[in-house]
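Chain residues, written in single-letter form:
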Amino acid sequence: MRDSFFEKYKTSEVTNTRRVINTPSAFTREHFFYIQEAGYLKSLKPHMSRRSGLQSYLFLIVLSGSLPPACPADYYRTVMERIARKNVRCVLDADGLRLRAGLEAKPFLVKPNRDELEELTGEPLRTLDDIARAARGLIERGVGIAAVSLGAEGALIADEHDVYCAPRLEIPVRSTVGAGDAMCAGLCAGLARGGSLEEIFRLGMACAGAAVMSEGTRPIKRAECEKLLSRVQIRRL
């Protein structure tokens, strides 16, 4: 983004900051992948920003959930298009217009659920074959990996070469809050580890399982996920 972009706006509408993001706490190291970055940030209030001279280990960015009222529905697409040249893989977990517009930026991974995929395709997706066909349709539109969460029926994942499905884990369900987010986090962790599609899928399913076994919104722990890895039953479609 060029300096001239900001010249159209009043000084009061633009912020300039130097920032350091540092997340070295013991809790963070145990529960999350963490980054450290420092650089010069120039922002158009409240939503647009750019980095310059940035030193970062960031290689995945997750765009997820709803947006503030002032944000346009294509905001996620705009973000992905602007960072596309920085070798950052984008993960999109959104619905409705945010998903539809975001797909135009060809994110590396998308994670709709069945209802969101049905809304996107305009078709009922009653069987695994229906869902697999819809997931392949996303791949044909430029998406790298399409992961579809199916609630009590498990999940499905596809790339240009393979399609896998897995039933839900037979575990006690204490809360489904955050299960989709946990699956997305597991998929990203698998990508960060350089895993195969099957390995990425296995970790995503294990993280989702650990989430539903947890009370409320308690963060899952790595050990809980690792215990579930061997119990994920994956088959190729």
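Computed from a predicted model, the values in this text were never measured in an experiment.

Scoring rules and cut-offs
- Residues numbered from 1 in each chain as written.
- Predicted model: local features only at pLDDT ≥ 70, side-chain atom pairs only at ≥ 80, totals over all residues.
- Heavy atoms only, no water.
- pLDDT = per-residue confidence, 0-100.
- Contact = heavy atoms within 4.5 Å.
- Pairing = 2+ DSSP bridges.
- Helix = DSSP H or I, 4+ residues; strand = E, 2+ residues; numbered from the N terminus.
- Phe/Tyr/Trp six-rings, centres within 6.5 Å; stacked < 30°, edge-to-face > 60°.
- Buried < 20%, exposed > 50% of the residue type's maximum accessible area, 1.4 Å probe, protein only.
- Axes fitted to C-alpha atoms, helices over the stretch in contact; angles between N-to-C directions.
- Left-handed = near helix turned anticlockwise from the far one by under 90°.
- Nonpolar A, V, L, I, M, F, W, Y, C, P; charged D, E, K, R; others polar.
- Core = buried A, V, L, I, M, F, W, Y, C linked by side-chain atoms within 4.5 Å.

Asks: Now, about the confidence of the model for the protein chain: what can you tell me, with residues and values included?
Replies: Of all residues in the protein chain, 75% attain a pLDDT of 70 or more, and the chain-wide mean is 81. Contacts of residues 1–6 to residues separated by more than four positions or lying in other chains number 14 contacts, the stretch itself having pLDDT below 50. Across residues 33–38, where pLDDT falls below 50, the model places 26 contacts with residues more than four positions away in sequence or in other chains.

Asks: Before we move on, can you summarise the sheet that holds strand β5 (residues 89–93) with the specific residues and values?
Replies: Spatially, β4-β5-β6-β7-β8-β9-β10 is the arrangement adopted by the seven strands of the open sheet, whose pairing is mixed. Each end of this open sheet is capped by a strand with a single partner; those strands are β4 (60–64) and β10 (235–236). Here two bridges tie strand β6 (residues 109–110) to strand β7 (residues 145–149), and the two strands are oriented parallel to one another. The residue of β7 that forms the bridge with leucine 109 is isoleucine 145.

Asks: Describe the side chain of serine 214, and please don't skip the residues or the numbers.
Replies: Note on placement: serine 214 falls in the loop between α8 (197–212) and α9 (222–228). Setting aside anything within four residues of it in sequence, one finds serine 214 in contact with Arg174, Ser175, Ile220 and Glu224.

Asks: Break down the packing of aromatic side chains for me, with residues and values.
Replies: On inspection of all chains with the given rule, the structure shows one aromatic pair. Ring geometry for tyrosine 75 against tyrosine 76: centres 6.2 Å apart, planes inclined by 45°, an arrangement best described as tilted. Across the pair, exposure class does not vary: tyrosine 75 and tyrosine 76 are buried alike.

Asks: Run through the packing of helix α7 (residues 179–192) against α8, naming residues and quoting values.
Replies: Packing of α7 against α8 brings their axes to within 7 Å, and their N-to-C directions diverge by 145°. Judged by the sense of rotation from one axis to the other, the crossing of α7 with α8 is right-handed. Here α7 contributes Ala179, Ala182, Met183, Gly186, Leu187, Ala189, Gly190 and Leu191 to the contact with α8, which in turn contributes Ile200, Phe201, Leu203, Gly204, Met205, Cys207, Ala208, Ala211 and Val212. Within the contact of α7 with α8, the residues separate by chemical class into 14 nonpolar, three polar and no charged.

Asks: Hey, could you go over unusual backbone geometry for me, with residue numbers and the actual values?
Replies: At lysine 106, a position not held by glycine, the phi torsion is positive, near 55°. As for its placement among the helices and strands, lysine 106 is situated in the loop between α4 (96–102) and β6.

Asks: Got a sec to walk through the nonpolar core? Specific residues and values, please.
Replies: Grouped together as the largest cluster of nonpolar side chains are 34 residues, with contacts concentrated most on Ile145, Ile157, Met183, Leu187, Phe201, Met205 and Val232. Elements supplying a minimum of two residues to this core: β7, β8 (155–158), β9 (163–166), α7, α8 and α9. By residue number, the principal contributor to this core is α8, which donates eleven residues. What isoleucine 157 contacts, discounting residues up to four positions off in sequence, is Ile145, Ala146, Ala147, Asp162, Val163, Tyr164, Leu187, Leu197 and Phe201. By size, the runner-up hydrophobic cluster in this structure holds 31 residues, among which are Cys71, Ile83, Leu92 and Ala158.

Asks: Please set out the pairing of β9 residue by residue, giving values where relevant.
Replies: Of the two faces of β9, both are covered, the one formed by Val163 and Cys165 as well as the one formed by Tyr164 and Ala166. One ladder, built from four bridges, connects β8 with β9; its direction is antiparallel. Across the sheet, the residue bridging to isoleucine 157 is tyrosine 164, located in β9. Connecting β8 to the next strand, β9, in antiparallel fashion are four residues.

Asks: Describe the environment of proline 72, listing the residues and the values that go with them.
Replies: Examined against the element boundaries, proline 72 turns out to sit in the loop between β4 and α3 (75–83). C-alpha separation for the pair proline 72 and arginine 98, spaced 26 residues apart in sequence, amounts to 8.8 Å.

Asks: Hey, could you go over the pairing of β8 for me, with residue numbers and the actual values?
Replies: Judged by which residues are buried, β8 turns out to be covered on both faces: Ala155 and Ile157 on one side and Leu156 and Ala158 on the other are all buried. Across four bridges, the pairing between β7 and β8 is antiparallel. Looking at the pairing, alanine 146 lines up with alanine 158 of β8. Taking the residues between adjacent antiparallel strands as the criterion, β7 and β8 are bridged by five residues, where glycine 151 takes a positive phi near 60°.

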